[in-house]
Amino acid sequence: MVKLGFWQLQRAEEKQLLAQEIAAKADAGPSSFSALLRQDPGSRLTGQKLQLSANVLSGKQLLLDNQVYQGRVGYLLLQPLQVEPEQPWLLLELGFIPAAEKRSELPEILPLPPRLTLEGRLWQKGSNPLSQELLAEAGWPKRIQNLNWPQLEHLLGHKLIPAVLQPEQLEGVDLPRPWQPLPMSAEKHLGYALQWFSMAAALLLLLVWWRWKLNRH
């Protein structure tokens, strides 16, 4: 429990640094797609602004499952874009779309113009340690469970930028786009650390009391 407490402190420090990075990127101007391609593949892209024009790859929409917005369960609707020929595609977030009452019914997707000019910010979804598989279902739009980039590339048959672009405005699409670059804040990690340390202290007190009781007998 003590080790878990220190691990949560470490995670809190990492989240504080990441929040500072995102704030700094918010103050910077947008970069181009060519500049994005020149970046180190291991760079953290969340919060980076991007400006581009791209072709819409119609018929390949993705529904990222198990999303919650204002108490409603649904999907994040994602659309692959081709920015430059022979270069990786980029996923565009169209927004949150509620799920139907029946699991077998998929939401209706409105068509997009064949070409878009966009400005927005990138985000990279953190991995789920309990489930990282794509688990793509049959048909299109295709329901998926996780943004597993290697499996997504295999599914689409093309290399992808491992991030999603959330546009500032998207004409003709009126879906909410919740911005959650940090799924858990540094304050929450500090709270969990306090809980682990408190449980460790409580267990230590119980052991001392039990030892004292044994000694009395």
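Report follows, based on the coordinates. (Residues numbered from 1 in each chain as written. Predicted model: local features only at pLDDT ≥ 70, side-chain atom pairs only at ≥ 80, totals over all residues. Heavy atoms only, no water.)

1. Re the overall build of the chain
Next up, step 1: A tally of regular secondary structure across the chain gives 4 helices and 7 strands.
Next up, step 2: Secondary structure elements of the chain occur, N-terminal to C-terminal, as α-α-β-β-β-β-β-β-α-β-α.
Next up, step 3: The C-alpha radius of gyration of the chain comes to 22 Å, more than 25% above the 17 Å expected for a compact globule of 217 residues.
Next up, step 4: If one aligns the C-alpha atoms of the chain with their principal axes, the spans along those axes are about 85 × 45 × 30 Å.
Next up, step 5: Taken across its 217 residues, the chain has 35% of its residues classed as buried. (Helix = DSSP H or I, 4+ residues; strand = E, 2+ residues; numbered from the N terminus. Rg over C-alpha atoms; globule rule 2.2 N^0.38 Å. Buried < 20%, exposed > 50% of the residue type's maximum accessible area, 1.4 Å probe, protein only.)

2. Describing the nonpolar core
What tends to happen in soluble globular proteins is that the nonpolar side chains get buried as a cluster.
Next up, step 1: By size, the foremost hydrophobic cluster in this structure holds 25 residues, and its most contacted members are Leu-52, Leu-92, Leu-118, Leu-122 and Leu-165.
Next up, step 2: Only helix H2 (33-37), strand E1 (49-56), strand E3 (72-82), strand E4 (89-98), strand E5 (115-123) and strand E7 (160-167) provide two or more residues apiece to this core.
Next up, step 3: Setting aside residues up to four positions removed in sequence, Leu-52 forms contacts with Phe-33, Val-83, Leu-90, Leu-116, Thr-117, Leu-118 and Leu-165.
Next up, step 4: In this structure, Leu-64, Leu-91, Leu-134 and Leu-156 belong to the second largest nonpolar core, which totals 17 residues. (Core = buried A, V, L, I, M, F, W, Y, C linked by side-chain atoms within 4.5 Å. Contact = heavy atoms within 4.5 Å.)

3. Re the packing of aromatic side chains
Next up, step 1: Here the structure, examined in full by the defined rule, presents 2 aromatic pairs.
Next up, step 2: Considering the side-chain rings of Phe-6 and Phe-197, the 5.2 Å spacing of their centres and the 75° angle between planes classify their relative orientation as edge-to-face. Of this pair, Phe-6 sits in helix H1 (residues 2-27) while Phe-197 sits in helix H4 (residues 186-216), placing them 191 residues apart in sequence.
Next up, step 3: For the pair Tyr-69 and Phe-96, a centre-to-centre distance of 5.5 Å together with 45° between the ring planes defines the contact as tilted. (Phe/Tyr/Trp six-rings, centres within 6.5 Å; stacked < 30°, edge-to-face > 60°.)

4. Quick look at the side chain of Gln-48
Next up, step 1: Mapping Gln-48 onto the fold places it in the loop between H2 and E1.
Next up, step 2: Here Gln-48 falls in the buried class, since its relative accessible area comes to 11%.
Next up, step 3: Here Ser-31 takes part through its side chain, which lies 3.2 Å from a polar atom of the side chain of Gln-48.
Next up, step 4: Of the polar contacts made by the side chain of Gln-48, one reaches the side chain of Gln-39; its length is 2.6 Å.
Next up, step 5: For Gln-48, the residues in contact, after removing those within four places along its chain, are Lys-25, Ser-31, Leu-36, Gln-39, Gly-120, Arg-121 and Leu-122. (Polar contact = N/O pair within 3.5 Å; in protein donor to acceptor, adjacent residues only side chain to side chain.)

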